[in-house]
Amino acid sequence: MKGILHQLLSADPRAVKDCLSFVKPGDELLLINAGVHLLNGPNSILAAHEQPGCEFRVFALETDVKARGLQSRAEQRALRLLDDQQWLEHVCGCQQVLSWR
């Protein structure tokens, strides 16, 4: 089983800070709902993820990215998009799921 799946549902800086303080090596972070707006600019989550040796993986929910017209931003950041079935598989394959707002 994988580590913890952190679902970031907001672009609120407090939620981002709280989430990052709990992410550990082997965890996964999923940008979902308004959290996909983090693709638009510099922020601590994507900056940490883009560093060499990053030990957690970041994904975004495809339907939320498409609904907000952010596909090109996701491609620029080489962020893997999950469809609904893959999201379910990630939820079922993790030890725990935490949601951040």
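A brief look at the structure comes next. As the structure is a computational prediction, the values presented were derived from the model and not from experiment. (Residues numbered from 1 in each chain as written. Predicted model: local features only at pLDDT ≥ 70, side-chain atom pairs only at ≥ 80, totals over all residues. Heavy atoms only, no water.)

## Quick look at unusual backbone geometry
In step 1: The phi angle at asparagine 33 is positive, at roughly 50 degrees, despite the residue not being glycine.
In step 2: Turning to its location among the elements, asparagine 33 is positioned in the loop between strand 2 (28–31) and helix 2 (44–49).
In step 3: Here the phi dihedral of alanine 78 falls at roughly 50 degrees; this positive angle occurs in a residue that is not glycine.
In step 4: Mapped onto the fold, alanine 78 is located in the loop between helix 4 (71–76) and strand 4 (80–82). (Helix = DSSP H or I, 4+ residues; strand = E, 2+ residues; numbered from the N terminus.)

## Things to note about the pairing of strand 1 (residues 2–8)
Consecutive residues of a regular strand have side chains that alternate between opposite faces of the sheet.
In step 1: Within strand 1, six of the seven residues are buried, which leaves the element mostly enclosed by the surrounding structure.
In step 2: Where strand 1 lies against strand 5 (residues 94–100), six bridges are found, and the strand directions are parallel. Bridge pairing links leucine 5 to valine 97 in strand 5.
In step 3: Here strand 1 pairs with strand 2 via four bridges, running parallel. Residue pairing in the sheet places leucine 5 in a bridge with glutamate 28 of strand 2.
In step 4: Taking the sense of rotation as the criterion, the β-α-β connection linking strand 1, helix 1 (residues 13–22) and strand 2 turns out right-handed. (Buried < 20%, exposed > 50% of the residue type's maximum accessible area, 1.4 Å probe, protein only. Pairing = 2+ DSSP bridges. Right-handed = clockwise from strand over helix to strand, strands pointing away.)

## A look at the packing of aromatic side chains
In step 1: Counted according to the given criterion, the structure contains one aromatic pair.
In step 2: Each ring, one from phenylalanine 22 and one from tryptophan 100, has its centre 5.4 Å from the other, and the planes form 35 degrees; the classification is tilted. Taken together, the residues phenylalanine 22 in helix 1 and tryptophan 100 in strand 5 connect sequence positions 78 residues apart. (Phe/Tyr/Trp six-rings, centres within 6.5 Å; stacked < 30°, edge-to-face > 60°.)

## Quick word on the sheet that holds strand 3 (residues 57–61)
In step 1: On the basis of which strands lie adjacent, the open sheet formed by five strands has the order 4-3-2-1-5 and parallel pairing. Looking at the sheet topology across the chains shown, the edges are occupied by strand 4 and strand 5. Shown here is a sheet whose adjacent strand axes are inclined to one another by a mean of 30 degrees, direction ignored.
In step 2: In the packing of helix 1 onto the sheet, the strands contacted are strand 1, strand 2 and strand 5, and the crossing angle to strand 1 comes to about 175 degrees.
In step 3: Here helix 5 (residues 84–93) sits on the sheet in contact with strand 1, strand 2, strand 3, strand 4 and strand 5, set at roughly 90 degrees to strand 4. (Axes fitted to C-alpha atoms, helices over the stretch in contact; angles between N-to-C directions. Contact = heavy atoms within 4.5 Å.)

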